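# Observations on the three-dimensional arrangement
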Amino acid sequence: VKHLDAISICTPPQAHFEAALAALRAGKHVMLEKPPAATTRHIALLQTEAARHGCTLFQTWHSRFAAGVDTAREWLRGRTLTGGTIMWKEDVHHWHPGQQWIWEPGGLGVFDPGINALSLLTEVLPDEVFVRQAVLEFPENQQAPIAARLALRTVAGATVNAEFDFRQKGEQTWDIELVTTSGRLKLSRGGSALEIDDRPLGADDALAGEYPRLYSRFARLCATGESEVDWRPFQLVADAFLVGERRTVAAHQV
């Protein structure tokens, strides 16, 4: 389509690669919603294709545009992390009613929301992080996990324990707490609310605040011809599948 300059791809991740590849080959700038693709190799191939055609590839993590993220990143810079916890628990029937794709291979299951937490962690930490251990709970009738526990470790040796669960009822939980030698930080409501040493530093409505900033960044990248690709959160998910212990739990009905 000649009159289109840019395309935002918001399909389930299993369809991202072919759609993005076709758009890039047609000379269009592409924004990829998270999760970015069905495999890590897809992202690398798309990045190469974007460069070949002189197009922007914006492989997004919308949670990084939440209100508390910039301040959290600046506060953590220069501080020494001693540990942390991630609690990312929500009701899949509320957020993905009747959506079978999330339970199919490549759909990621509970890592569809959990990858948001990992995108925040990799954005705000001054140190790199990797998966040391993982336990993944698969419903006996599905191909993707409904819950996961990860032991993450920074290269400096600090441990961050993460719990993801799709079976949460009532209040939904999207919290990250990080402890340093000189204070404690908490990102809650998916990164839209920030507390440092129990002192609130403001908040906004998560998606309402994130998406204007997200599309503003896409417009700037398109104008300058730059790409922005950071697949570390997806690598952490892939590594959790690689090293994780698989446990079978009760069947889940979509």
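Further up the page is the structure itself.
What counts, and where the lines are drawn
- Numbering of residues starts from 1 in each chain and follows the order in which that chain's sequence is written.
- For this predicted model, a pLDDT threshold of at least 70 governs which residues receive local features, and a threshold of 80 or more governs which side-chain atom pairs are given and counted, while totals over whole chains, interfaces and linings are taken from all residues.
- The basis for every side-chain value is the complete set of non-hydrogen atoms in the structure, without hydrogens or water.
- Side-chain atoms within 4.5 Å link the members of a nonpolar core, which is a set of buried Ala, Val, Leu, Ile, Met, Phe, Trp, Tyr and Cys residues.
- Type-normalised accessible area, obtained with a 1.4 Å probe on protein chains alone, sets the label of each residue: buried when under 20%, exposed when over 50%, and partly exposed for intermediate values.
- Each helix is a run of H or I in the DSSP string that is no shorter than four residues. Each strand is a run of E no shorter than two, and both are numbered from the N terminus.
- The contact rule is simple, with two residues in contact once any of their heavy atoms fall within 4.5 Å.
- As used here, the arc is the angular range of directions from the helix axis to the C-beta atoms.
- A strand pair is defined by DSSP finding two or more bridges across the two strands.
- Axis geometry follows a simple rule: fit a line to the C-alpha atoms, using only the stretch in contact for helices, then measure angles between N-to-C directions, giving values from 0 to 180 degrees.
- Here a Phe, Tyr or Trp ring, Trp counted by its six-membered ring, pairs with any other such ring whose centre lies within 6.5 Å, and the pair is stacked when the planes are under 30 degrees apart, edge-to-face when over 60, and tilted otherwise.
- In our convention, an over-ring charge means Lys NZ or Arg CZ found within 6 Å of a ring centre and within 35 degrees of that ring's normal.
- In protein, a polar contact requires one atom able to donate a hydrogen and another able to accept it; more generally it is a pair of N or O atoms within 3.5 Å, and residues adjacent in sequence count only if both atoms are side-chain atoms.
- Computed over the protein atoms alone on a 1 Å grid, cavities are sets of points where a 1.4 Å probe fits but cannot get out and pockets are open sets with protein on both sides within 12 Å along at least five of seven lines; a residue lines them when it has an atom within 4 Å of a point.
- Grid points are joined across faces, edges and corners, and a volume is the space filled by probe spheres set on the points.
- Gly is placed with the polar residues, together with every amino acid not listed as nonpolar (Ala, Val, Leu, Ile, Met, Phe, Trp, Tyr, Cys and Pro) or charged (Asp, Glu, Lys and Arg).
- What counts as a salt bridge is simple: a side-chain nitrogen of Lys or Arg found within 4 Å of a carboxyl oxygen of Asp or Glu.

Let's shift gears to the nonpolar core. Nonpolar side chains tend to gather and get buried jointly when the protein is soluble and globular. Core analysis: the biggest nonpolar cluster contains 52 residues, and Ile86, Phe111, Leu150, Leu152, Phe164, Leu178 and Leu185 have the highest contact counts within it. Considering each element in turn, this core owes the most residues, 7 residues, to helix 5 (residues 111-124). Ignoring any residue separated from it by four or fewer positions in sequence, one finds Ile86 in contact with Ala117, Leu121, Leu152, Val160, Asn161, Ala162, Glu163, Phe164, Asp175 and Ile176. The next biggest cluster of nonpolar side chains, apart from the first, holds 12 residues, and it includes Ile9, Val30, Leu32 and Ala50.

On to helix 1 (residues 16-25), then. All of the buried residues in helix 1 are His16, Phe17, Ala20, Leu21, Ala23 and Leu24. When helix 1 is viewed along its axis, its buried side chains cluster within an angular range of 165 degrees and face the same direction. Opposite the buried face of helix 1, by more than 90 degrees, sit the exposed residues Glu18 and Arg25. Positioned one or two residues after helix 1, Gly27 has a phi angle of 80 degrees, which is positive.

Further remarks concern the sheet that holds strand 2 (residues 29-32). Strand order in the open sheet formed by 3 strands is 1-2-3, and the pairing between neighbours is parallel. The strands lining the two open edges of the sheet, one partner per strand, are strand 1 (6-9) and strand 3 (57-59). For this sheet, the mean inter-axis angle between neighbouring strands, taken without regard to orientation, is 10 degrees. Taken together, the 3 bridges between strand 2 and strand 3 define a ladder with parallel strand orientation. The partner of Leu32 across the bridge, within strand 3, is Gln59. Against the sheet, helix 1 touches strand 1 and strand 2, its axis set at about 160 degrees to strand 2.

Moving on: the packing of aromatic side chains. Each aromatic ring pair is specified by the distance between its two centres and by the angle formed by the two planes. Counted according to the given criterion, the structure contains 8 aromatic pairs. Taken together, a centroid distance of 5.5 Å and an interplanar angle of 50 degrees make the contact between Phe111 and Phe241 tilted. With Phe111 in helix 5 and Phe241 in helix 7 (residues 232-243), this residue pair connects regions lying 130 residues apart in the sequence. On the basis of relative accessibility, which here comes to 34%, the residue Phe241 falls in the partly exposed class. Through a chain of ring-to-ring contacts, the aromatic side chains of Phe111, Phe138, Phe164 and Phe241 assemble into a single cluster. Across from the ring centre of Phe138, 3.7 Å away, lies the NZ or CZ of Arg246, which sits over that ring.

With respect to the helices and strands, the residue Gln142 is situated in the loop between strand 5 (129-139) and strand 6 (147-154). By relative accessible area, Gln142 is classed as buried at 7%. Those residues in contact with Gln142, other than ones at most four positions away along the chain, are Gln100, Trp103, Arg246, His252 and Val254. At 3.0 Å, the side chain of Gln142 and the side chain of Gln100 are in polar contact. One polar contact links the side chain of Gln142 to the main-chain carbonyl oxygen of His252, over a distance of 3.1 Å.

With that settled, the discussion passes to the layout of surface pockets. The volume enclosed by the second largest pocket comes to roughly 280 Å³. Counting residues per element, the ones that place at least two in the lining of the second largest pocket are strand 3, helix 3 (69-76) and helix 6 (206-224). Here the lining of the second largest pocket gets 3 residues from one element, more than from any other, and that element is helix 6. Class assignment of the residues belonging to the lining of the second largest pocket gives a composition of 6 nonpolar, 2 polar and 9 charged.

With that out of the way, let us pick up the pattern of salt bridges. With the rule as written, the count across this model stands at 20 salt bridges. For Arg25, the salt bridge identified is with Glu49, shortest N-O distance 3.1 Å. With Arg25 in helix 1 and Glu49 in helix 2 (residues 40-53), this residue pair connects regions lying 24 residues apart in the sequence. Asp70 serves as the salt-bridge partner of Arg73, at 2.9 Å between the closest nitrogen and oxygen. Pair noted here: Arg73 and Asp70 are both in helix 3, with a separation of 3 residues, about one helical turn.

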